[in-house]
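Residues per chain are reported as follows:
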Amino acid sequence: KSDIELIYKYREMAIHPEVESSISDICNESIVYNDTLDAVKIDVSAVKLSKGIKDKIEDEFHEILQLLEFTRRGFETFRKWYVDSRLYYHIIIDDKNKKKGILELRPIDPTKIRKIRKIKKKPLTNGIASQVNTGVMMVSEIEEFYIYSEQDAGSTTMTMDGLKISPDAIC
């Protein structure tokens, strides 16, 4: 089955009361909110880096949590990931001032986006002087990108029609 078919099947299964109850139990045990502690944190104590770098990693981790609105939407985000088995976000950056960093993370429905890898091959030759084709194809270039398409919700096939997005803009 394709990824889209599996996602629809997972979502369909999650509607059943017994499964929904189990998913809620798992999510409740995984994401615990507390007034004094964060629901998730990053531990860089075992990483062999300078204190300054560790502090920057922790600061950026907290920034991402704020962009995801994790204190408000952590349960919902975890549940979506648990049911669909994947999450995609469009990374929004100010093109005029890239030093501002990530401005926003917009969630993308995983049934509407596909990662595409175009592999270009060329024949392998036997030496530069002889240029004899050996019959073996060598990978010369790999082009990776995402295609976002607002396809029909019932459709399970993804065409190359849609918006082409750089892999750097998706996480």
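The paragraphs below set out a description of the structure included in this document.

What counts and what doesn't
Residues numbered from 1 in each chain as written. Predicted model: local features only at pLDDT ≥ 70, side-chain atom pairs only at ≥ 80, totals over all residues. Heavy atoms only, no water. Patch = residues over 30% accessible without salt bridge, like charges linked within 9 Å, V, L, I, M, F, W, Y side chains within 5 Å. Areas by Shrake-Rupley, 256 points an atom, 1.4 Å probe, with all protein chains shown as cover. Salt bridge = Lys/Arg side-chain N within 4 Å of Asp/Glu carboxyl O. Helix = DSSP H or I, 4+ residues; strand = E, 2+ residues; numbered from the N terminus. Phe/Tyr/Trp six-rings, centres within 6.5 Å; stacked < 30°, edge-to-face > 60°. Buried < 20%, exposed > 50% of the residue type's maximum accessible area, 1.4 Å probe, protein only.

A look at a nonpolar patch on the surface
Here comes step 1: Nonpolar side chains collect at one region of the surface, where Ile42, Val47, Leu49, Ile53 and Ile57 lie side by side and expose about 340 Å² of accessible area between them.
Here comes step 2: In this fold, Ile57 is placed in helix α3 (residues 51–67).

A look at the packing of aromatic side chains
Here comes step 1: In this structure the tally under the stated criterion is 4 aromatic pairs.
Here comes step 2: Considering the side-chain rings of Phe78 and Trp81, the 5.4 Å spacing of their centres and the 45 degrees angle between planes classify their relative orientation as tilted. Placement of the pair is Phe78 and Trp81 together in helix α4 (residues 70–84), with a separation of 3 residues, close to one helical turn.
Here comes step 3: Arranged with centres 6.1 Å apart and planes meeting at 75 degrees, the rings of Tyr88 and Tyr146 form a pair that is edge-to-face.

Some details on the environment of Glu12
Here comes step 1: Structurally, Glu12 can be placed in helix α1 (residues 3–15).
Here comes step 2: For Glu12, a relative accessible area of 46% translates into the label partly exposed.
Here comes step 3: C-alpha separation for the pair Glu12 and Val83, spaced 71 residues apart in sequence, amounts to 9.6 Å.

Focus: the pattern of salt bridges
Here comes step 1: Following the criterion strictly, the structure yields 13 salt bridges and no others.
Here comes step 2: With its nearest N and O atoms 2.9 Å apart, the salt bridge here joins Arg11 to Asp84. Here the residue Arg11 occupies a position in helix α1, and Asp84 occupies one in helix α4, the gap between them amounting to 73 residues.
Here comes step 3: Residue Asp84 is classed as buried on the basis of its relative accessible area, which comes to 5%.
Here comes step 4: For Glu150, the salt bridge is made with Lys112, and the minimal N-O distance between the two is 4.0 Å. Within this pair, whereas Glu150 is found in the loop between β4 (132–148) and β5 (163–165), its partner Lys112 is found in the loop between β2 (102–108) and β3 (113–126), the two being separated by 38 residues in sequence.
Here comes step 5: Several salt bridges share partner residues, and in doing so they unite Arg11, Asp84 and Asp109 into one network.

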